[in-house]
Amino acid sequence: MARWCYRHRLVVLVLWVGALFGLGFTATTAGTDYANVFSLPNTDSKRAYDLMEKAFPESAGDTDTVVWKVEEGTVRDAEVRSRIEPALAGIGRMDGVGQVAGPYAGERGAAQISRDGRIAYAQITFTEQANAVPMELIEDVVQSAQRAERDGLQVELGGQAIARTQEPPTGTAELVGIAAAAIVLFLAFGSLFAMLLPIVVAIFGVGTGMLSTMLLSHATNVPDVAPLLGSLIGLGVGIDYALFIVTRHRRGILRGTKPEEAAVTALNTSGRAVLFAGGTVCIALAGMLVMNLRFLDGVVIATSLTVVFSVLAAVTLLPALLGLLGMRVLSRRQRHRLAHAGPEPEEASGPAARWSAYVQRRPRAIAALALVVMAVLSLPVLSIRLGATDQGNHQETQTTRQAYDLLAEGFGPGFNGPLQVVVDGTAPDALVSRIESTGGVAQVAALPPANDVTVIQVVPATAPQSEETDRLIDVLRDEVIPASGAEAHVGGVTAVFKDFASVTGDRLPYFVATIIALGFLLLLVAFRSLVVPLTAALMNLIAAAASFGVLVAIFQWGWGTELLGIGKEGPITAFLPVIMLSLLFGLSMDYQVFLVSRMHEEWVHTKDNARAVRVGLAETSRVINCAALIMICVFSAFVLSGDMEGAMAGIGLAAAVALDAFILRTALVPAAMHLLGKANWWLPAGLEKRLPHLAVEPGEEPVETVPEGPSSVIHGFIRTADGEPLEGAAVTLLSRGGRQLDRVMSLADGSYIVAVPGPGAYLLAATASGLGSRARHVVVEEGPLVYDVEVAEVAEGEVDAVN
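Cut-offs applied
Residues numbered from 1 in each chain as written. Predicted model: local features only at pLDDT ≥ 70, side-chain atom pairs only at ≥ 80, totals over all residues. Heavy atoms only, no water. Helix = DSSP H or I, 4+ residues; strand = E, 2+ residues; numbered from the N terminus. Buried < 20%, exposed > 50% of the residue type's maximum accessible area, 1.4 Å probe, protein only. Contact = heavy atoms within 4.5 Å. Areas by Shrake-Rupley, 256 points an atom, 1.4 Å probe, with all protein chains shown as cover. Lys, Arg positive; Asp, Glu negative; His and termini not counted. Charge placed at Lys NZ, Arg CZ, Asp CG, Glu CD. Core = buried A, V, L, I, M, F, W, Y, C linked by side-chain atoms within 4.5 Å. Expected span 1.5 Å × (residues − 1). Polar contact = N/O pair within 3.5 Å; in protein donor to acceptor, adjacent residues only side chain to side chain. Phe/Tyr/Trp six-rings, centres within 6.5 Å; stacked < 30°, edge-to-face > 60°. Lys NZ or Arg CZ within 6 Å of the ring centre and 35° of its normal. Arc of directions from axis to C-beta. pLDDT = per-residue confidence, 0-100. Axes fitted to C-alpha atoms, helices over the stretch in contact; angles between N-to-C directions. Left-handed = near helix turned anticlockwise from the far one by under 90°. Nonpolar A, V, L, I, M, F, W, Y, C, P; charged D, E, K, R; others polar. Pairing = 2+ DSSP bridges. Patch = residues over 30% accessible without salt bridge, like charges linked within 9 Å, V, L, I, M, F, W, Y side chains within 5 Å. Salt bridge = Lys/Arg side-chain N within 4 Å of Asp/Glu carboxyl O. Disulfide = S-S within 2.5 Å.

Counting its secondary structure elements, the chain contains 25 helices and 18 strands. Looking at the chain as a whole, 55% of its 803 residues are labelled buried. Contacts spanning at least 24 positions in sequence make up 77% of the contacts within the chain whose residues lie at least 6 apart. As presented, the chain carries roughly 34,700 Å² of accessible surface, and 57% of it is formed by carbon and sulfur atoms. The positive charge centre, built from 57 side chains, and the negative charge centre, built from 78, are 7 Å apart in the chain.

Here it is as structure tokens:
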């Protein structure tokens, strides 16, 4: 498939562009129909919701609020009314506004003025729900209301429709994330074209996924936060998957492979790992269905669709783009070096190799330090409280937050989150009087029965996000309603989110067990080991605890919220743990697959655990860290989304990826694998026979069998043609197929010693700076082999056989 896409690159590109623009035209024409269905089956708030639908079958449009406050006098003063009433009348005449209920008309209006007379509000009911109200109309309403302001008269607006005017331009977070990722990619590749490849692939994957989600919103319930989460995860995995493939492709070209063969090899190796990794992310996302929460179904659809399209773009569009670029995927300096100095050597070097060797030398200290850091970061998770964010969590400068605070000041903190006690039939007087006498209740109002359903509005004395409000809901359900003998249920947004948090908490252990078990089985099949998947499961739990600890410290405790500009602290959104655990599990599996697959490949060939872990870490840590840095940039940019849930998910996932990549995968996992030794790769013989075989990332060449037997060594001296000992010469032992098995530097007396897996034929190469290279076939039998090497200068016109 990769070869076909490479050779028919224009066809593939036209198909992808056509799909993107076709979906874009269709989705734009059809519009969106997002729906936040928070109701839960078999909960008290769902029963209250069903009765409310029976009482008021025709749902009106979105209701927003205009709030004003005077510094002196009262809102009833003529000079205040002369400014407010014309503004409200003008808003009422606007096309798309159904009704404006002000405080200056009738007994009901008088209830919209605070006791001290300094704060009042009016309710604006639109003819459409918040997402369907035209933005121009909302802006006209805001401007008309705020034109009534003067010194001593403050006017603010709140509500879902009004909040849309404060959202940053669509795509701001995505553009900032892409720009940051572009900088990281350019620093990593040093080539403009190579930097653009992952970004273009991610844009096509996210674009087609988001447009498909828009269309599906007409067929099923998709919450309005789903596209944001879909673009968040899609950008992250889309750029990362393309990065892994492009890195492998560039490495193949730098080692002398033709561009087409390098692309085919990259897709047949890293491309397989991308398919596997994308599958694990989708499985983790589908694990949310275990929760049986309708709200999450739409999130699963949006995020999974985006991941699927990102994987498809990586394995079809990317090889086509590689075909268009050819050698330009390398920087000019790399192309020049390749043309004049020849292909690069295979062995890893640099900081990654030095760090890998350091981990091998001090595994206990590194593992202990990493565990301490993760444990400290996990401590805040012990105080996590699930709930809902509202406009009281917006930034202080926003009109919705100021309107929220004014209503709380004038009518009590519970006014922004009233409860509805819904009675099937006429509410008995005993119920109303019991509610009024309940501690924590500020105000009670029983509405006239409608369709044989009575709704009692209950305003708590505490804020919607307060724990006292949660306790009040429990008291009403467990004590007050049963004592009155009425069949009644407690509903309202606050009650719904309390039930949502309760159900989430009850089902979360089953969800975690499901995704951990799925991950264990996948890694068990891929790496033929019991210890590797057990280690991965433990690391996933540690990463989840630490990332939620960071989330609680920032969003619940308020550490750094002003610095980040994300508004007021509050509880963690109830549905966020499920979504974050799914995404975190999928991303952690990605890194585990890319890291351990290289270790496993080396283990299969050498049966040397220390070498397998050292080589695997040295060769993959750089690309894993680069991929993680890109994800951190993309996720962190979602603080700019204007959505509190998006900011929480972005910060939480950025922290999770940072901790997972920089502490777990590059320190704790390899240190633990060094300590466990050969036990890493243990699998009972009976289980080995029953497990299916799955090639996650096959080698670039046919797998070569290294002779088995007792390990041995080759040792001797490296000398010049004059017989002088040569210090610092590189001596490399290669298998007959060219796989590097060991590499050492000669000592001051010219001596060297390399490890041999067992008897057999090998290639021994010696290279010294300023001198020629020599390679010889050697045959090792039982016991050590003594072999001296003479390295001479290369005569003019002579070809260096090794370099």
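The subject of this paragraph is the nonpolar core. Among the nonpolar cores identified, the biggest contains 164 residues, and M288, L296, F555, I630 and F635 are the most heavily contacted of them. Counting residues per element, this core draws most heavily on helix α24 (residues 644-676), which supplies 19 residues. Look past the residues within four positions of L296 in its chain and what remains in contact with it is M288, M291, F575, V578 and I579. Of all hydrophobic cores here, the second largest spans 30 residues; its members include W68, I91, V97 and I124.

With respect to the helices and strands, H600 occurs in helix α22 (residues 576-606). The exposure class of H600 is buried, given its relative accessible area of 17%. Excluding anything up to four places from it in sequence, H600 contacts A526, F527, R528 and W681.

Next up on the list: helix α9 (residues 192-216). The end-to-end C-alpha separation of α9 is 36 Å, in line with the 36 Å expected for 25 residues at 1.5 Å each. The N-terminus of α9 is capped by S191, whose side-chain oxygen sits 3.5 Å from the backbone nitrogen of F193.

Under the defined criterion, the tally for this structure stands at 9 aromatic pairs. One cation-aromatic arrangement involves R9 over Y6; the distance from NZ or CZ to the ring centre is 5.4 Å. When the ring centre of F193 is taken as reference, the NZ or CZ atom of R328 above it lies at 5.4 Å.

Our focus in this paragraph is unusual backbone geometry. What you tend to see is this: most non-glycine residues have negative phi, and most peptide bonds are trans. Non-glycine residue N451 carries a positive phi angle of around 55 degrees. With a phi angle near 65 degrees, D452 is a residue other than glycine that sits in the positive phi range.

Glancing now at helix α14 (residues 351-361). Among the residues making up α14, those that are buried are A352, S356 and V359. One side of α14 carries all its buried residues, which in axial view fall inside an arc of 60 degrees. Among the exposed residues of α14, those pointing more than 90 degrees away from its buried face are P351, R354 and R361. Those residues of α14 that are buried are in contact with α15 (363-378), α23 (609-636) and α24.

With respect to the secondary-structure elements, M210 resides in helix α9. On the basis of relative accessible area, M210 is assigned to the buried category, the value being 14%.

Interpreting fine coordinate detail is not advised for predicted regions of low pLDDT. Summing up the model confidence of the chain, the mean pLDDT is 84 and the portion of residues at 70 or higher is 93%. Confidence, read as mean pLDDT per element, is least for helix α5 (residues 106-110) in the chain (68) and greatest for α15 (94). Under a pLDDT of 50 for its full length, residues 699-710 has, in the predicted model, 28 contacts with residues more than four places off or in other chains. Segment residues 796-803 is flagged for pLDDT under 50; beyond a separation of four residues in sequence, or across chains, it makes 9 contacts in the model.

Our focus in this paragraph is the packing of α9 against helix α12 (residues 294-325). In the contact formed by α9 and α12, the axes pass within 7 Å of each other and the chain directions differ by 145 degrees. In this structure, the crossing between α9 and α12 has a hand that is right-handed. Class assignment of the residues belonging to the contact of α9 with α12 gives a composition of 19 nonpolar, 7 polar and no charged.

Below, the discussion takes up the side chain of R250. Its place among the elements puts R250 in helix α10 (residues 226-254). Residue R250 is classed as buried on the basis of its relative accessible area of 6%. With residues up to four places along the chain from it excluded, the contact list for R250 reads F189, S191, A194, V329, L330, S331 and Q334.

To continue, consider the sheet that holds strand β1 (residues 63-70). Strands in a sheet are paired, the pairing made by backbone hydrogen bonds, and the direction either parallel or antiparallel. Ordered in space as β2-β3-β1-β4, the 4 strands form an open sheet in which the pairing is antiparallel. What marks the edges here is a single partner per strand, and that holds for β2 (97-101) and β4 (153-158). For this sheet, the mean angle separating the axes of adjacent strands, direction not counted, is 20 degrees. As judged from the 6 bridges shared by β1 and β4, these two strands associate in the antiparallel manner. By the bridge assignment, T65 is partnered in β4 with G158. In the packing of helix α4 (residues 78-92) onto the sheet, contacts are made with β1, β2, β3 (119-126) and β4, and the angle to β2 comes to roughly 160 degrees. Sheet strands touched by helix α16 (residues 399-411): β1, β3 and β4. Its angle to β4, the strand with the most contacts, is close to 110 degrees.

Okay, a nonpolar patch on the surface next. Taken together, F186, L192, F193 and L196 make up a surface patch of nonpolar side chains, about 350 Å² in accessible area. Tallying contributions element by element places α9 first for the nonpolar patch, with 3 residues. Positionally, F186 belongs in helix α8 (residues 172-189).

Read from one edge to the other, the open sheet built from 4 strands follows the order β7-β8-β6-β9, with strand pairing classed as antiparallel. On the outer flanks of this sheet lie β7 (441-446) and β9 (488-491), each paired with one strand and no other. Across the sheet, the mean angle separating the axes of adjacent strands is 20 degrees when strand polarity is ignored. Note that β7 and strand β8 (residues 453-460) share 5 bridges and pair antiparallel. By the bridge assignment, A446 is partnered in β8 with I456. Contacts from helix α18 (residues 467-484) reach β6 (419-424), β7, β8 and β9, with the element oriented near 175 degrees to β9.

Inspection of the entire model under this criterion finds 18 salt bridges. Where E261 meets R3, a salt bridge forms, and the shortest distance between an N and an O atom there is 2.9 Å. Here the residue E261 occupies a position in helix α11 (residues 259-286), and R3 occupies one in helix α1 (residues 2-7), the gap between them amounting to 258 residues. Among the residues examined, E261 registers a relative accessible area of 35% and is labelled partly exposed.

Let us now look at the pairing of β9. Along β9, one buried face is formed by A488 and V490 and the opposite face, lined by H489 and G491, is buried too. One ladder, built from 4 bridges, connects β6 with β9; its direction is antiparallel. Bridge pairing in β9 links V423 to A488.

So, on to the packing of α14 against α23. It is at 8 Å that the axes of α14 and α23 come closest, and there the two elements cross at 145 degrees. Every pair of crossing elements has a handedness; the one defined by α14 and α23 is right-handed. Seen from α14, the contacting residues are A352, A353, W355, S356, A357, V359 and Q360; seen from α23, they are A610, V613, R614, L617, A618 and S621. Class assignment for the residues of the contact of α14 with α23 results in 9 nonpolar, 3 polar and 1 charged.

This structure, assessed with the given rule, holds 0 disulfides. Looking at C633, it has no disulfide partner, and the nearest cysteine sulfur is the one in C626, 9.6 Å off. Judged by its relative accessible area of 22%, C633 is partly exposed.

Now for the environment of N609. By secondary structure assignment, the location of N609 is in helix α23. The exposure class assigned to N609 is buried, which follows from its relative accessible area of 5%. When neighbours within four sequence positions are excluded, N609 is seen to be in contact with W603, M673, H674, G677, K678, N680 and W681.

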